[in-house]
Number of protein chains: 2
Amino acid sequence: MNSDVLPESVNKLIEEFAKLPSIGPKTAERLVFYLLKSEDSISLGEAALTLKDGIVNCQSCQNFSTETICKICQNPNRSDSLLCVVSQPLDIVAIEKTGLYKGKYHVLHGVISPVDGIGPDELEIDSLLSRIEKHKPEEIILATNPNLEGETTALYILRKLQDSDIQVTKLAHGLPMGGDLEYADQMTLGRALDNRQVF
Amino acid sequence: MNSDVLPESVNKLIEEFAKLPSIGPKTAERLVFYLLKSEDSISLGEAALTLKDGIVNCQSCQNFSTETICKICQNPNRSDSLLCVVSQPLDIVAIEKTGLYKGKYHVLHGVISPVDGIGPDELEIDSLLSRIEKHKPEEIILATNPNLEGETTALYILRKLQDSDIQVTKLAHGLPMGGDLEYADQMTLGRALDNRQVF
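Bear in mind that the values here come from a model prediction, so they are computed numbers and not experimental data.

A. Summary view of helix H3 (residues 41-49) of chain A. Residues A:Ser41, A:Leu44, A:Gly45, A:Ala47 and A:Ala48 constitute the buried set of H3(A). Looking straight down H3(A), one finds its buried side chains confined to an arc of 165 degrees; they lie on one side. For H3(A), the elements touching its buried residues are helix H1 (8-18) and helix H2 (25-37) of chain A together with helix H1 (8-18) and helix H3 (41-49) of chain B.

B. Broad picture of the interface of chain B and chain A. Each partner contributes to the interface: chain B provides 55 residues, whereas chain A provides 55 residues. Across the chain B to chain A interface the summed buried area is about 5200 Å²; carbon plus sulfur atoms make up 72%. Counting every contact that joins chain B to chain A gives four salt bridges. Here A:Asp40 makes a salt bridge to B:Lys19, at a shortest N to O gap of 3.8 Å. Counting the contacts that link chain B with chain A gives 10 residue pairs in polar contact (both at pLDDT 80 or more). Broken down by secondary-structure element, the contributors of at least two residues to the side of chain B that touches chain A are H1, helix H2 (25-37), H3, strand E2 (64-65), helix H4 (71-74) and helix H5 (89-98) of chain B. Looking at which element gives the most residues to the side of chain B that touches chain A, the answer is H2(B), with 10 residues.

C. Geometry of the packing of helix H5 (residues 89-98) of chain A against H2(B). Running from N to C, H5(A) and H2(B) point in directions that differ by 150 degrees, and their axes come no closer than 10 Å. Our classification of the angle between H5(A) and H2(B) gives roughly antiparallel. Here H5(A) contributes A:Pro89, A:Leu90, A:Val93 and A:Lys97 to the contact with H2(B), which in turn contributes B:Glu29, B:Arg30 and B:Phe33.

D. Representation of the relation of the copies chain B and chain A in the model. For the match of chain B to chain A, the screw axis carries a shift of 0.0 Å, the RMSD comes to 0.1 Å, and the turn is 180 degrees. Both copies are brought into coincidence by an operation consistent with a two-fold rotation axis. Rotation axis and chain B: the residue whose C-alpha lies nearest the axis is B:Gly45, separated from it by 2.0 Å. A share of 100% of interface residues in chain B that are also interface residues in chain A marks the association as one of identical surfaces.

E. Seen up close, the nonpolar core. In this structure, A:Val10, A:Leu13, A:Phe17, B:Val10, B:Leu13 and B:Phe17 are the most contacted members of the largest nonpolar core, which totals 42 residues. Looking at this core, the elements with two or more residues in it are H1, H2, H3 and H5 of chain A together with H1, H2, H3 and H5 of chain B. Those residues in contact with B:Phe17, other than ones at most four positions away along the chain, are A:Phe17, A:Leu20, A:Leu44, B:Ile23, B:Ala28, B:Leu31, B:Val32, B:Leu35 and B:Leu44.

F. A look at the sheet that holds strand E5 (residues 139-142) of chain A. Residues and elements named next belong to chain A. On the basis of which strands lie adjacent, the open sheet formed by four strands has the order E4-E3-E5-E6 and parallel pairing. Lying at the two open borders of the sheet, with one neighbouring strand each, are strand E4 (104-107) and strand E6 (167-170). Pairs of neighbouring strands in the sheet enclose a mean axial angle of 25 degrees, with direction left out of account. Here E5 pairs with E6 via four bridges, running parallel. Looking at E6, one finds that Glu139 is bridged to Gln167. Against the sheet, helix H7 (residues 148-161) contacts strand E3 (82-86), E5 and E6, and its axis sits at roughly 160 degrees relative to E5.

Cut-offs and rules
- Residues numbered from 1 in each chain as written.
- Chains lettered and ligands numbered in written order.
- Predicted model: local features only at pLDDT ≥ 70, side-chain atom pairs only at ≥ 80, totals over all residues.
- Heavy atoms only, no water.
- Buried < 20%, exposed > 50% of the residue type's maximum accessible area, 1.4 Å probe, protein only.
- Helix = DSSP H or I, 4+ residues; strand = E, 2+ residues; numbered from the N terminus.
- Arc of directions from axis to C-beta.
- Contact = heavy atoms within 4.5 Å.
- Buried area = accessible area lost by both parts, 1.4 Å probe.
- Salt bridge = Lys/Arg side-chain N within 4 Å of Asp/Glu carboxyl O.
- Polar contact = N/O pair within 3.5 Å; in protein donor to acceptor, adjacent residues only side chain to side chain.
- Axes fitted to C-alpha atoms, helices over the stretch in contact; angles between N-to-C directions.
- Parallel < 35°, antiparallel > 145°, perpendicular 65-115°, else oblique.
- Least-squares fit on C-alpha atoms with pLDDT ≥ 70 in both.
- Core = buried A, V, L, I, M, F, W, Y, C linked by side-chain atoms within 4.5 Å.
- Pairing = 2+ DSSP bridges.

Put into structure tokens, the structure is as follows:
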């Protein structure tokens, strides 16, 4: 960035945008110059300033919420017998979009990752276990990501639950819908073969 | 977006991000959830709110500036005999990064695009012509983008200048540096052949 060429306020916002994941310095520049020409910079600024206003973690599921107990946990139409454990709030958004899940959630707020110094104590695992103790669900879906950290975290929780009679499940692995067989990676195709289903 | 699931302030910022070019709803979600976990949402908000504070168009080159006459136009080390005409301020940033240009600029703030209802009068062409009348440069580089609208705009300005004795040039077209010949599109390769240079 040639800071001499651009006004300071422009450089400052480029800097802020470039801190965000997946936004490099060139994209940051493009976004700021777009905002300079549009009417949206004020509403964006206000939305960012008030983003965290009144947001707390739900005392039951630990998801972001504006109430002590979030709307999903409060919803009487959602089953208490099914509990889906996810690593981050964004995963709840993704699952809710399917419209197929009618149970409750629990957000771990991370995954076990020794490289990053994150152990089980840094995650919402204790709150999960004490929640289960109070209200035992029939089934727990461990919906962490299908990668090393996600599976390590799932295995850790599985071990903590092995003395209970709760059914523990995980999401199915296989070919993504609409995907091309020839473009699937070996791991995915291998899982799809292993878990093949009767037509 | 399942607005029932997310706090309103979160939905609002997702909406604001999704207005920006090249940011879709999924990316907007990811950015907002990143900000929820980071400390950067306030500084981003303040930077966006103050983005346009004190920013005006330079009375000489029309680039964004915090002063009536911008730093480049004021710089006595930059030649007045060379004038580079660009369509938007971001193009100045790109050219300045090369470190090779020591002349002045003029920003058109757009290109002629009948489809979008933008004619020559909507652009900073009059200010360019009256600027040239006052201080005649030796050379004008028409550095609009090498596409239909950019070349139409350049041709329009060229015609306005044909009675003057100013040398009018354009940027060289050819293979991009580090590019692969086999991946170059036909137009680019054609131009590179036409404009081949002696080794």
